[in-house]
Amino acid sequence: MERQDLNTFIRQRMENLNWLREKGYSGYGDKYPTTHGAGQVQDNFAQLEGQEVSLSGRLLSRREHGKAMFGDISDQTGTVQLYLRVNSVGEDNFSIFQSLDIGDLIGITGEVFKTRRGEITVNVSSFSLLAKSLRPLPEKWHGLKDVDLRYRQRYLDLIVNPEVRDIFARRSKIIAAIRRFLDSREFLEVETPILQPIPGGGNARPFITHHITLGRDLYLRIALELYLKKLIVGGFERVYEIGRNFRNEGFSHKHSPEFTMLELYQVNTDYEDMMELTENMISLVAREVLGSEIIEYQNININLTPPWKRMTMVEAVREFTGVDFSEVDLEEAVDFAEEKGVKIKPGMSWGEILNEFFEQKVEENLIQPTFIMDYPVEVSPLARKIDNQPGFTYRFEGFIAGLEVANAFTELNDPLDQRERFARQVAQREAGDEEAHMMDEDFIRALEYGMPPTGGLGIGIDRIIMVMTDSKNIREVILFPPMRPEE
RNA sequence: GGGCCAUUAGCUCAGUUGGCAGAGCACCUGACUUUUAAUCAGGGUGUCCCAGGUUCGAAUCCUGGAUGGCUCACCA
């Protein structure tokens, strides 16, 4: 018990429970076989009128009328009104029902009818207390708003705020639709290690954990990439994984230290194919789950219908800042950064500065779905260089509503080039960049055996779900977002 | 990590110039056999986030701390 001193509300409920126990009820009854959900009763009234149904759920409100009583019972499918009369259940049962508290879990059986006011209602003939609720629920009208409580006690949020339940039901449907899409294209779903000796595939500080019997530290993965590409080397031609990544970084409305990524790899494709796959997948999922490719996000209509807009990073930076990097050298780039208020660090290369221009000045403006193509090689250590422009890579990111939702490239499969890229990352690491990649000798060794030309794609699942549930904070789409410990 | 804001009853929130701690819902007592944010008559259930300080007197002012939100910086 977390508090010695139970407050008045809990004490009252305990007293109600004790009163029932004196009458021989445990307060925690047996399973209650049901015939329908509350939502089904609502939806199928025409067929169910006059028939007996059994439901179980939470008693959410009560309106007493002397020798009769109305209430609302809520289950996963919805809410339906119940009606209880002394004549129907007898005085003893009626007084037992009166002793129930809001929040108690009950089973009810009775005929379906419609009240004078037109409300579909179950006329209870028998009921059972399935589980006593000892704590008072938040207010029925305003719901639970305190976000700290909502996230820490998500179960309460789900009980009281039905729209929250809808978000997570939709999350499940979106992920199921993505799996259907990939399975229908003969991708193989796989699982790769979360505990890794070398966390690779992204720029991020990892979480460190410790394996006791091995006597060594391990890292939680920051990306799925390298292991999945090892599977491509191994001969799987289409693989994907949907899983949790962990990055030891702060929170924001679009960042959570643990988040869900989809990564997929397909041989004999390139980033052009990945763009098509991305726009086809997202638009199809929207159609299946939301019934439309045009969705509303924060009062803006977003049209997910392919083809999505495509621009190179240089074009995008030119359009939104007026600075044309195709005619700017490093020195001029530094001057323009000053002029345009782009924050850069000393020693940054031309490509890194271009990337800063993009991230600081362009990203937030990409509301309609847009692919930004051809990223500088310095910020893309796992992507293949563009044949006639070695400073750039066959890489794109997809943006919706200013959120980066996709990251993909024609995979680098030249082990010699890959070793040089890693070496450069390691040098940055030694110069103090804790987020630079580490050398991964096993990954290089795999590439040395030969990896076919492959396109790879990463999708930020939480962000896609934000867009499709009109949520402006990533924590609204994660059931139990990471929080500081209580107390 | 920086800046701004918030924290008062179970929940949602008021609280004036520093002067007895408030409302709605929930809850308790009573009335009511088709109500529905049921209604009617009564009842306030509290570590005003925490610890100090100023003051005759602090929810209110000051200092420090905790937690949360927004925002900036880094990342997807």
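Since we're looking at a predicted model, the values are computed, not measured.

Enquirer: Lay out the pairing of strand 3 (residues 78–85) with the relevant residues and their values.
Expert: Along a regular strand, successive side chains alternate from one face of the sheet to the other. Burial analysis of strand 3 places six of its eight residues in the buried class, the great majority of the element. Judged from the eight bridges that link them, strand 2 (residues 68–75) and strand 3 form a sheet pairing that is antiparallel. Bridged to Ile73 within strand 3 is Val80. Linkage of strand 2 to strand 3, two consecutive antiparallel strands, is achieved through a turn of two residues. Summarising the sheet, strand 3 and strand 5 (residues 120–131) pair through three bridges and their orientation is parallel. Bridge pairing links Leu82 to Val122 in strand 5.

Enquirer: Any details on the packing of helix 1 (residues 8–22) against helix 5 (residues 91–99)? Residues and values, ideally.
Expert: Between helix 1 and helix 5, the least distance of the axes is 10 Å, while the angle of their chain directions is 155°. Compared by their axis directions, helix 1 and helix 5 come out roughly antiparallel. Helix 5 is crossed by helix 1, and the crossing has left-handed handedness. Along its contact with helix 1, which presents Asn16, Trp19 and Leu20, the element helix 5 presents Ser95, Ile96 and Ser99.

Enquirer: Now, about the protein's contact with RNA strand B: what can you tell me, with residues and values included?
Expert: Neighbouring RNA strand B are 48 residues, the closest being Asn87, His255, Glu404, Arg463 and Arg475. Atoms of RNA strand B within 4 Å of the protein belong to the sugar or the phosphate in 54% of instances, the rest to bases. A distance of 2.5 Å separates a base nitrogen of RNA strand B from a polar atom in the backbone of Glu64. Those elements that place two or more of their residues in the surface near RNA strand B are helix 1, strand 1 (52–64), strand 2, strand 3 and helix 6 (147–152). With four residues, the single largest contributor to the surface near RNA strand B is helix 6.

Enquirer: Explain the sheet that holds strand 8 (residues 208–211) to me, and be specific about the residues and the numbers.
Expert: Strand order in the open sheet made by the three strands is 7-9-8, with antiparallel pairing throughout. A single partner strand is all that each edge strand has here, and the edge strands are strand 7 (195–196) and strand 8. Relative to strand 9 (residues 216–220), strand 8 runs antiparallel, the two sharing four bridges. Within strand 9, the position partnered with Ile208 by the bridge is Tyr219.

Enquirer: Explain the side chain of Thr115 to me, using residue names and the numbers behind them.
Expert: Among the secondary structure elements, Thr115 is positioned in the loop between strand 4 (105–114) and strand 5. The buried category is assigned to Thr115, whose relative accessible area is 15%. In this view, Thr115 contacts Phe70, Gln81 and Thr121; residues no more than four positions away in its chain are not counted.

Here is what the cut-offs are and how they apply
Residues numbered from 1 in each chain as written. Chains lettered and ligands numbered in written order. Predicted model: local features only at pLDDT ≥ 70, side-chain atom pairs only at ≥ 80, totals over all residues. Heavy atoms only, no water. Buried < 20%, exposed > 50% of the residue type's maximum accessible area, 1.4 Å probe, protein only. Helix = DSSP H or I, 4+ residues; strand = E, 2+ residues; numbered from the N terminus. Pairing = 2+ DSSP bridges. Axes fitted to C-alpha atoms, helices over the stretch in contact; angles between N-to-C directions. Parallel < 35°, antiparallel > 145°, perpendicular 65-115°, else oblique. Left-handed = near helix turned anticlockwise from the far one by under 90°. Contact = heavy atoms within 4.5 Å. Near = heavy atom within 4 Å. Polar contact = N/O pair within 3.5 Å; in protein donor to acceptor, adjacent residues only side chain to side chain.

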